[in-house]
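In case you want the letters, here they are:
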Amino acid sequence: MKIPGERQVRLALACQNEKFQRKPVQLYFSAGPTSMQRIQPVKRVIETRPVRGMRDRFGVDALKYNHVCAIAQSVANLYGFQPVATPILEHASVFERTLGEDSDIIGKELYTFKDKSGDQLTMRPEGTAGAARALLSNNLTNSLPVKWYYHGPMFRHERPQKGRFRQFEQIGVEYFGSRNVSSDVETIAMAATFLKKLSLYDKVELNLNTLGDSESRANYRSVLTEFLTSHKQSLSEDSVRRLSTNPLRVLDSKHPDDAPIVAQSPRLSEYLSAPSRDRFEQLLENLTSLGIAYTLNSNLVRGLDYYQDTVFEFIYRGANNDDTDSLGAQQGTVLAGGRYDGLVKLMSGGKTDVPGIGWAAGIDRLTMLLENKGFEHSQRPVVIITITEDDTDFNRRLDQRALQLAHKFRTELLIPTVIQHREEGAQSQRVDKLLTKVLKTLPGARYVVFLGRQELEDSSDLINYRDLTQRTQATVPLSSIASSFKSHSQDSA
Ligand code: ATP
Ligand code: MG
């Protein structure tokens, strides 16, 4: 395509219809041969698809999302965790200096840009680093322990696929200020309770490992590096690179070339220091005493640099424990976490040392595993239908009556109410057609109240309604409608 000269641009702008001139304009020029070069009419295009890897949430998905968040909130309350919200944008250094240069997130997934003030900002890819930053910014290191939970969007520039998006939602939990094993146990137990309340616990498996303290990891790192170096020629390109930056991460590789070597590699558990081993044993004992089953997975290392000691993932195993088909094998982890004692120290430049443990659950993956049943009909409003006529004045009074009635239902009687209008120009639409529309747009609707000429002119305040579940019809005084609806709801409950 030939780049247009200044004259062509001016010409193109002159072609613009006057009324659009102040709006932003996207210019397209023809790429025809020079002699034929003509400026094509300018198209204005608004991209109506969402950004790749990002989605709109509505309908059943939105109801499931709210359900997951409500369950998280109630479980957080049971375990004494308080809500927190940190900004989506953070200074890039919050993540770049903490997550590990060689992590997938830092290596390739960050949404980082310079804003208009020239600040280098990052759209948060996870919640822990921002929470640790908030702990420091708000001087909360003097009032430990701090137990937080949050939910919200995270951003990672990954290849979109089932259960993997570029904007996705997480519920996160952070417990700052305790190194006691009980804090690990409580944090994992809280995750188990959360999944139980979502009826997903039977479909997941808790994978558990310890990365030990820094002494254990240093011992192991040298043994592992030696072993992996001797198999360097068979390792994947990424793993060869990680040999010098973070050899532990090779254990986490999903590359098929690496699998046989990883399977034979020395085990971290054999190089644990005595205190690390003791700590891990205490954790296992306590989980067992609470009836929380686990599978030891010595290859579980987690993707980020700040983890130590306890690391864990709840992995979806499919309804029949034989596949991960509803999420795809690579997207099976629904909730993951670990201990990050060095994070706050690193972030504060060594000034403040606060231990911590936490987890994050992928809400998108959880909602995909929840059945739709029970969500489609979760809203059960009363629908007021106005039976309009070919009479503008009458219709206006009818609308007003519907508004007043809905107002009374909502504010005095606390009945969820929706007003449904007849479509413009569909005055003759039959009542059964109107009902079909109600059932289509509001499938959970329980009662329909009709408002027409009779109701408007009748001063007796009688309400005529239809029970969509029982398929019955009744007329009751407005004063008793709430109790009438209530007794019906109890009948069918
Ligand atoms: P994965 O191995 O699937 O890439 P991760 O180790 O990068 O996961 P974490 O940083 O531990 O993921 O995030 C916690 C949880 O958030 C994951 O277990 C998953 O449920 C969810 N999650 C992570 N990345 C995505 C994504 N791109 N889209 C949807 N959910 C995600
Ligand atoms: Mg990832």
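In this text the structure is predicted, and so the values were computed from the model without any measurement. (Residues numbered from 1 in each chain as written. Chains lettered and ligands numbered in written order. Predicted model: local features only at pLDDT ≥ 70, side-chain atom pairs only at ≥ 80, totals over all residues. Heavy atoms only, no water.)

## Structural notes on the sheet that holds strand E15 (residues 462-467)
Argument step 1. Pairing within the open sheet is mixed, and its five strands lie in the order E13-E12-E14-E15-E16. Edge strands, defined here as strands with exactly one partner in the open sheet, are strand E13 (417-420) and strand E16 (472-477). For this sheet, the mean inter-axis angle between neighbouring strands, taken without regard to orientation, is 30°.
Argument step 2. Here six bridges tie E15 to E16, and the two strands are oriented antiparallel to one another. Bridging across to E16, Leu462 finds its partner in Pro477.
Argument step 3. The strands touched by helix H14 (residues 431-441) are strand E12 (382-386), E13, strand E14 (447-451) and E15; relative to E14, the strand with the most contacts, the crossing angle is about 140°. (Pairing = 2+ DSSP bridges. Helix = DSSP H or I, 4+ residues; strand = E, 2+ residues; numbered from the N terminus. Axes fitted to C-alpha atoms, helices over the stretch in contact; angles between N-to-C directions. Contact = heavy atoms within 4.5 Å.)

## What to know about the UniProt feature "binding site: L-histidine" (unreviewed entry) in the chain
Argument step 1. The positions that UniProt labels "binding site: L-histidine" (unreviewed entry) are, in the present scheme, Glu126, Gly127, Thr128, Arg156, Gln170, Glu174, Arg302, Tyr306 and Tyr307.
Argument step 2. Relative to the elements of secondary structure, Gln170 occurs in strand E6 (residues 167-176).
Argument step 3. Aside from chain neighbours lying at most four places away, what touches Gln170 is Glu126, Gly127, Tyr150, His151, Gly152, Met154, Arg156, Ala360, Ala361 and Ile363.
Argument step 4. In this fold, Glu174 is placed in strand E6. (UniProt positions renumbered as here; feature names shortened; annotations may be inferred.)

## Considerations on the sheet that holds E6
Argument step 1. Reading across from one edge, E1-E5-E6-E11-E10-E9-E7-E8 is the order of the eight strands in this open sheet, with mixed pairing throughout. In the strand order of this sheet, the two ends are held by strand E1 (82-83) and strand E8 (295-296), each with one partner.
Argument step 2. Bridge analysis of strand E9 (residues 308-316) against strand E10 (residues 333-339) gives six bridges, and the strand direction is antiparallel. Bridge pairing in E10 links Gln308 to Arg339.
Argument step 3. Along the sheet face, helix H6 (residues 181-197) touches E6, strand E7 (204-210), E9, E10 and strand E11 (356-362) and points at about 15° away from the line of E11.

## Here's the deal with empty space enclosed by the protein
Over the atoms a probe the size of a water molecule is rolled, and this reveals where empty space is left.
Argument step 1. Under the definition given, this model contains one cavity of 30 Å³ or more.
Argument step 2. When its volume is computed, the largest cavity comes out at roughly 40 Å³.
Argument step 3. If you trace the largest cavity, you find it lined by Ala72, Val75, Ala76, Tyr149, Ile171, Val173, Met190, Phe194 and Trp359.
Argument step 4. Elements with a minimum of two residues in the lining of the largest cavity: helix H2 (59-78), E6 and H6.
Argument step 5. Here the lining of the largest cavity gets three residues from one element, more than from any other, and that element is H2.
Argument step 6. Here the lining of the largest cavity is built from residues that sort into nine nonpolar, no polar and no charged. (1 Å grid on protein atoms, 1.4 Å probe; cavity = no way out; pocket = protein on both sides within 12 Å on 5 of 7 lines; lining within 4 Å. Points joined across faces, edges and corners; volume = space filled by probe spheres on them. Nonpolar A, V, L, I, M, F, W, Y, C, P; charged D, E, K, R; others polar.)

## Concerning the environment of Thr225
Argument step 1. Looking at the element boundaries, Thr225 is found in helix H7 (residues 214-229).
Argument step 2. By relative accessible area, which is 23% here, Thr225 ends up partly exposed.
Argument step 3. Along the primary structure Thr225 and Val250 are separated by 25 residues, whereas in three dimensions their C-alpha atoms are 9.9 Å apart.
Argument step 4. Look past the residues within four positions of Thr225 in its chain and what remains in contact with it is Leu243 and Pro247. (Buried < 20%, exposed > 50% of the residue type's maximum accessible area, 1.4 Å probe, protein only.)

## Points about unusual backbone geometry
Argument step 1. A cis geometry characterises the amide bond from Leu144 onward to Pro145, with omega recorded as 0°.
Argument step 2. With respect to the secondary-structure elements, Pro145 resides in the loop between helix H5 (128-137) and strand E5 (146-155).
Argument step 3. Even without glycine at this site, Asn139 takes up a positive phi of about 50°.
Argument step 4. Tracing the sequence through the fold places Asn139 in the loop between H5 and E5.
Argument step 5. Among the residues examined, Asn139 registers a relative accessible area of 54% and is labelled exposed.
Argument step 6. Although it is not a glycine, Ser199 sits at a positive phi angle of roughly 60°.
Argument step 7. Looking at the secondary structure, you find Ser199 in the loop between H6 and E7.

## Section: the confidence of the model for the chain
Argument step 1. Looking at the chain, the pLDDT average stands at 85 and 86% of residues meet or exceed 70.
Argument step 2. Across residues 319-323, where pLDDT falls below 50, the model places four contacts with residues more than four positions away in sequence or in other chains. (pLDDT = per-residue confidence, 0-100.)

## Observations regarding H2
Argument step 1. With 20 residues, H2 extends 29 Å from end C-alpha to end C-alpha; this agrees with the ideal 28 Å at 1.5 Å per step.
Argument step 2. Burial in H2 covers these residues: Ala62, Lys64, Tyr65, Val68, Cys69, Ile71, Ala72, Val75 and Ala76.
Argument step 3. Contacts made by the buried residues of H2 are with E5, E6, H6 and helix H12 (363-369).
Argument step 4. Gly80 sits one or two residues past H2 and shows a positive phi near 75°. (Expected span 1.5 Å × (residues − 1).)

## Considerations on the site of ligand 1
Argument step 1. The full set close to ligand 1 counts 17 residues, and Arg156, Glu158, Arg164, Phe165 and Arg302 are the nearest of them.
Argument step 2. For ligand 1, a nitrogen atom lies 2.6 Å from a polar atom in the side chain of Glu158.
Argument step 3. Gln170 places a polar side-chain atom, nitrogen or oxygen, 2.9 Å from an oxygen atom of ligand 1.
Argument step 4. Look at ligand 1: alone it shows 580 Å² of surface, and the protein chains cover 89% of it.
Argument step 5. Within the residue set of the shell around ligand 1, elements represented by two or more residues are E6, E10 and E11. (Near = heavy atom within 4 Å. Polar contact = N/O pair within 3.5 Å; in protein donor to acceptor, adjacent residues only side chain to side chain. Areas by Shrake-Rupley, 256 points an atom, 1.4 Å probe, with all protein chains shown as cover.)

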